[in-house]
Amino acid sequence: YGGMGLDFSYNIAVAEELGNIRCAGIPMAIGVQAGMATPALTRFGSHELKKQFLVPTIAGDFVACLGISEAGAGSDVANIKTTAVRKGDEYVINGGKMWITSGSQADWMCLLANTNEGPPHRNKSLICLPMNLPGIHVAKKIDKLGMRSSDTAQIFFEDVRVPCRNLIGEEGKGFTYQMLQFQEERLWGVATALTPMENIIHETIDYTRQRKVFGQPVLHNQTVHFRLAELATEVELLRSLLHRAVALYVEGNDVTKFASMAKLKAGRLTREVTDNCLQFWGGMGFTSDVLVSRFYRDLRLVSIGGGTDETMLSIICKYMDILPRK
C-alpha cells in the first residue's frame, strides 16, 4: 500500500531522529499520521478501505487524525459517549471529540464510537470517517500551554452519515483494536522525547560553561555538573528500556507492562530534565528565546497524552498483580 514493509523498530529509529526537530509539535503530528490513526486500518481494514484511506495517507496526500478522546473521557476510553447507530447501509454518528491532533486540517478520522448498547469493552467500533461530510463541525482550534504549532481541535458530529463499509474490521472490536494500537503510540512518544532531553542537557552544559556567576562558570559548581550527569544517566536508562520493549514487541510479545513503564518514566523524566535545566539557565530560561523553555512547555504533554501517568501506574499494577483484590 505504499509503505516499505519494515518492522516497528524502524518507526522507533525515525521517532528518535525526529526528536532533533526543535519543536515537539511536528514529531507528534507525524506520529499521529504514522502510528496512531493508521495501525488499526493497516491490520484490520478491508482492501477497499486501505485503497481509499491508507494509500493516500502513506503517500502524504491525506492528513489523518484519531478520534478517541472526549471532553468527559480522555484516558478512560471505555467511557466515550459518541454513537454510531446503524440505519440501513449507513452509520449515523452523533457526539463529539476533544483534543484531536490535526483535527482542523484532517482529510479523515479514525473514529471510535459506540455501535451498540452492550458492555463498554465490547460495544465500540472503529470507523474511517471522511472529514468533509455534512454534520461535522470543527468547533475551535484549542489554545494550549505547549505544542502550540500543533493543530488541536474540538469536533462535533450531528447526524453524520457514513457507509457501513467504512467499518474497520469487526463491529464491537474497536476497543480491542485501540488498545493494541496504544502500545505503539506510547513507545513512539517515549522515542520522540529521548533526543530532545539529550539536546537540552548538552545545550545546558554549553551555556553554563560560558555563563559566569561570582567569578566562575556555573558549570564548575559541583551541584550543577553532578546533576547534569545524573540526568544524562536517567535518559540512557530510559533508552535501554525502550529498546528492550521494542525488541520484544517485534518478536510478537505483549509489551504492555514495559510500554507503560517507559511511558510513565518518560513523562516524569521530561519534567525533571526540563525543570532542572531551565533553572541552570537562570533568567534566560524564563524567556521564549531558548530551547529549554519551549520543551519545558511542549514535553509536559508526555505525562498526559496517550494515557496519563496515573493510568500507566494502574496498568503496571495490574500486570504486577498488586492491585487490591475484591
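An unreviewed UniProt entry lists the protein chain under the name IVD dehydrogenase, from Certhia familiaris. Under Pathway (unreviewed entry), UniProt gives the following word-for-word description of the protein chain: "Lipid metabolism; mitochondrial fatty acid beta-oxidation."

**Considering the environment of Lys 81**
Relative to the elements of secondary structure, Lys 81 occurs in the loop between β1 (64–67) and β2 (83–87). Judged by its relative accessible area of 57%, Lys 81 is exposed. Once the C-alpha coordinates of Lys 81 and Ala 113 are considered, the two residues, 32 residues apart in sequence, prove to be 7.4 Å apart. Here Lys 81 is in contact with Glu 70 and Asn 114, once residues within four sequence places are set aside. One polar contact links Lys 81 to Asn 79, side chain to side chain, over a distance of 3.2 Å.

**Observations concerning the UniProt feature "domain: Acyl-CoA dehydrogenase/oxidase C-terminal" (unreviewed entry) in the protein chain**
Mapped onto this numbering, the UniProt entry gives "domain: Acyl-CoA dehydrogenase/oxidase C-terminal" (unreviewed entry) at residues 172–318. The straight-line gap between the two end C-alpha atoms of residues 172–318 is 24 Å; of that span, 74% is helix and 3% is strand.

**Focus on the domain arrangement of the protein chain**
When its domains are assigned, the protein chain resolves into domain 1 (37–170) and domain 2 (176–320). Each of domain 1 and domain 2 has a C-alpha centre, and the two are 30 Å apart. Taken together, the 16 residues of domain 1 in the interface contact 16 residues of domain 2. Between domain 1 and domain 2, the buried area comes to about 1,300 Å², and carbon and sulfur atoms account for 64% of it. Where domain 1 meets domain 2, there are 1 salt bridge. In this assembly, domain 1 and domain 2 are joined by 5 residue pairs in polar contact (both at pLDDT 80 or more). Among the elements that make up the side of domain 1 that touches domain 2, the one with the highest residue count is helix α3 (residues 39–44) (4 residues). In terms of residue class, the side of domain 1 that touches domain 2 is made up of 10 nonpolar, 3 polar and 3 charged.

Criteria and thresholds
Residues numbered from 1 in each chain as written. Predicted model: local features only at pLDDT ≥ 70, side-chain atom pairs only at ≥ 80, totals over all residues. Heavy atoms only, no water. UniProt positions renumbered as here; feature names shortened; annotations may be inferred. Helix = DSSP H or I, 4+ residues; strand = E, 2+ residues; numbered from the N terminus. Buried < 20%, exposed > 50% of the residue type's maximum accessible area, 1.4 Å probe, protein only. Contact = heavy atoms within 4.5 Å. Polar contact = N/O pair within 3.5 Å; in protein donor to acceptor, adjacent residues only side chain to side chain. Domains from an automatic or database assignment. Buried area = accessible area lost by both parts, 1.4 Å probe. Salt bridge = Lys/Arg side-chain N within 4 Å of Asp/Glu carboxyl O. Nonpolar A, V, L, I, M, F, W, Y, C, P; charged D, E, K, R; others polar.

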